[in-house]
Structures are given as structure tokens and as C-alpha cells.
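Each chain, written out:
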Amino acid sequence: MNRLALCVAATASATALAAGPAATADPSPGKHAESGRHHAAPKVASEPTRLARAILNTKGITYAKAHVGGTDKASLPRQNLVDVSNEHRAKTSPWGHKKGARVALDKRMLNGILKLNTKYHYKIEISELVGGRHSRTSKHYAGRAVDVAWINGRHVGKRADHRGLMKACRSLGATLVLGPGDKDHDTHVHCQW
Ligand SMILES: [Zn+2]
């Protein structure tokens, strides 16, 4: 009896061992249809992922290397895009209202950011996407707003063409656009979709 039980156990674990690596090593699409795990077959990138990759490959779009009000590399705007380009979610800062949450980036916002350069030819530096601290109900925390601090090499509030950029954001479908003259927006433009 003991011997038989041992034998069955050994066979079962050997089968599990053989099945494990084989199942993950073979990327043929049919095999994953029933797994229900979307990370198993990342053959067609989602639209946010595609757009994030396009933005990262656009020379005229650059990124702040530090936050205002705290230090957290994982929630810097470029890292937000890198995460989404890898089919992950973007991380908020530990001191914001959402404290280190993972959120998706809206494809309308990503399309808007990309077209600010590729269609309207603005060179922009993004200061925040989902990172940093914003108002409690801010759409930054929903992945639907971008802050731009530099336009064509000039800082917003210091003779940068913020009006032109704000107009371009509206033309690209942004539903709320704020800048110099609006409360708390003397040094950056906020475009929200
Ligand atoms: Zn903003």
C-alpha cells in the first residue's frame, strides 16, 4: 500500500513538473484561449500601450526628472509611460491622495499628448501625469490629465506660448484646460480629457 501511494505521488509531481514549463514556454495563441489571463498572449498591444510607446519614441516630448513636493522615481511621468508601454498601470506618488495606487492612462489623453507634438509641433516637457499631488478629485489620479511646464524651451509663465498649447489641447478634445491666469496654474498648463 505504502509503495503504491508513493508511486502515484511521484508520478503526479513528475507530470506537474513536465506540464509547467512546457505550458509557459509555448506561446502558440490557441493554447491560451481558455486560460483567461490577458498577460498570457500580449500579441496585439492595447491602444494605451501603443500610444505610450509612440510618445516615448517622440523626441519633442520630454519629462521632468523630479516632482514638486517629494521624491519618488516610480511615479515620474516618463516612468508612468514606460509602465503603460509594458502593459502595466501607472503609479501615483506616495504623498498624493491616491498614495501609490496603480491607474490606467486614458487613450484620449495619450493621443492628445502625442499630437501636441506630431500634429501641432510643440516641444513639451511633461511635469506630471498620475504622479505628484493634485486636488482631491483631480483627474490626474484617473489617468486623464497631463501637466506641461515647458513649451518650446520656455517655462510656462515666462513667455512660453501657453495660449497656443491650450488651444491645441482643446482642438485635440480636452474638456478642461487651465493655465496662467487660472488659480494654481501660473507655471504650468493642465490639459484634461
Ligand atoms: Zn494638472
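Figured I'd write up the structure that's included with this text. (Residues numbered from 1 in each chain as written. Predicted model: local features only at pLDDT ≥ 70, side-chain atom pairs only at ≥ 80, totals over all residues. Heavy atoms only, no water.)

**Some remarks on the state of the cysteines**
In step 1: Inspection of every chain in the model, using the stated rule, returns one disulfide.
In step 2: Disulfide pairing is shown between C169 and C191; the S-S distance is 2.1 Å. Because the torsion about its S-S bond is 90°, the bridge between C169 and C191 counts as right-handed. Taken as a pair, C169 in helix α5 (residues 162–171) and C191 in strand β8 (residues 189–192) lie far apart in primary sequence, 22 residues in all. (Disulfide = S-S within 2.5 Å. Helix = DSSP H or I, 4+ residues; strand = E, 2+ residues; numbered from the N terminus.)

**Thoughts on the coordination of the zinc ion**
Under perfect tetrahedral coordination by four donors, a metal shows angles of 109.5 degrees; under perfect octahedral coordination by six donors, it shows angles of 90 or 180 degrees.
In step 1: All of the protein donors around the zinc ion are H140 (NE2), D147 (OD) and H190 (ND1); their distances to the metal are 2.0 Å.
In step 2: Relative accessible area serves as the criterion here: at 5%, D147 is assigned to the buried category.
In step 3: Judged by relative accessible area, H190 falls into the buried class, the value being 5%. (Donors = N, O, S within 2.8 Å, 3.2 Å for Na, K, Ca; no water. Buried < 20%, exposed > 50% of the residue type's maximum accessible area, 1.4 Å probe, protein only.)

**Details of the packing of helix α2 (residues 47–56) against helix α3 (residues 77–85)**
In step 1: Relative orientation of the contacting elements α2 and α3 amounts to 135°, with a least axis distance of 8 Å. With respect to α3, the axis of α2 lies oblique. Where α2 crosses over α3, the handedness of that crossing is left-handed. Of the residues in α3, those in contact with P48, T49, A52, R53, I55 and L56 of α2 are R78, L81, V82, V84 and S85.
In step 2: The class makeup of the residues in the contact of α2 with α3 is seven nonpolar, two polar and two charged. (Axes fitted to C-alpha atoms, helices over the stretch in contact; angles between N-to-C directions. Parallel < 35°, antiparallel > 145°, perpendicular 65-115°, else oblique. Left-handed = near helix turned anticlockwise from the far one by under 90°. Contact = heavy atoms within 4.5 Å. Nonpolar A, V, L, I, M, F, W, Y, C, P; charged D, E, K, R; others polar.)

**Things to note about the nonpolar core**
In step 1: Ranked by size, the top nonpolar core spans 35 residues in total, and within it I113, I124 and V146 carry the most contacts.
In step 2: Secondary structure elements with two or more residues in this core: α2, β1 (61–63), α3, α4 (107–118), β4 (124–128), β5 (145–151), α5 and β8.
In step 3: Among the elements that take part in this core, α4 stands out by supplying five residues, more than any other.
In step 4: Contact partners of V146, with chain neighbours within four places excluded, come to M109, I113, I126, E128, L129, H140, V189, H190, C191 and W193. (Core = buried A, V, L, I, M, F, W, Y, C linked by side-chain atoms within 4.5 Å.)

**Looking at the layout of surface pockets**
In step 1: Each pocket or cavity is described by its volume, and for the largest pocket that value is around 610 Å³.
In step 2: Every residue lining the largest pocket is counted, 27 residues in all, and those nearest its centre are R133, H134, D147, D184 and H188.
In step 3: Here the residues of the lining of the largest pocket sort into seven nonpolar, 13 polar and seven charged. (1 Å grid on protein atoms, 1.4 Å probe; cavity = no way out; pocket = protein on both sides within 12 Å on 5 of 7 lines; lining within 4 Å. Points joined across faces, edges and corners; volume = space filled by probe spheres on them.)

**Looking at the side chain of H188**
In step 1: Residue position: H188 is located in the loop between β7 (176–178) and β8.
In step 2: Exposure remark for H188: the relative accessible area of 16% places this residue in the buried category.
In step 3: In this structure H188 touches D147, V148, A149, V156, L178, G179 and P180, once residues within four positions along its chain are discounted.

**Structural notes on the pattern of salt bridges**
In step 1: The final tally for this structure, using the stated rule, is six salt bridges.
In step 2: Two residues, E47 and R50, come together in a salt bridge whose shortest N-O distance is 4.0 Å. In this pair, E47 and R50 both sit in helix α2, three residues apart, roughly one turn of the helix.
In step 3: Two residues, D184 and K183, come together in a salt bridge whose shortest N-O distance is 3.4 Å.
In step 4: With a relative accessible area of 61%, D184 lands in the exposed category. (Salt bridge = Lys/Arg side-chain N within 4 Å of Asp/Glu carboxyl O.)

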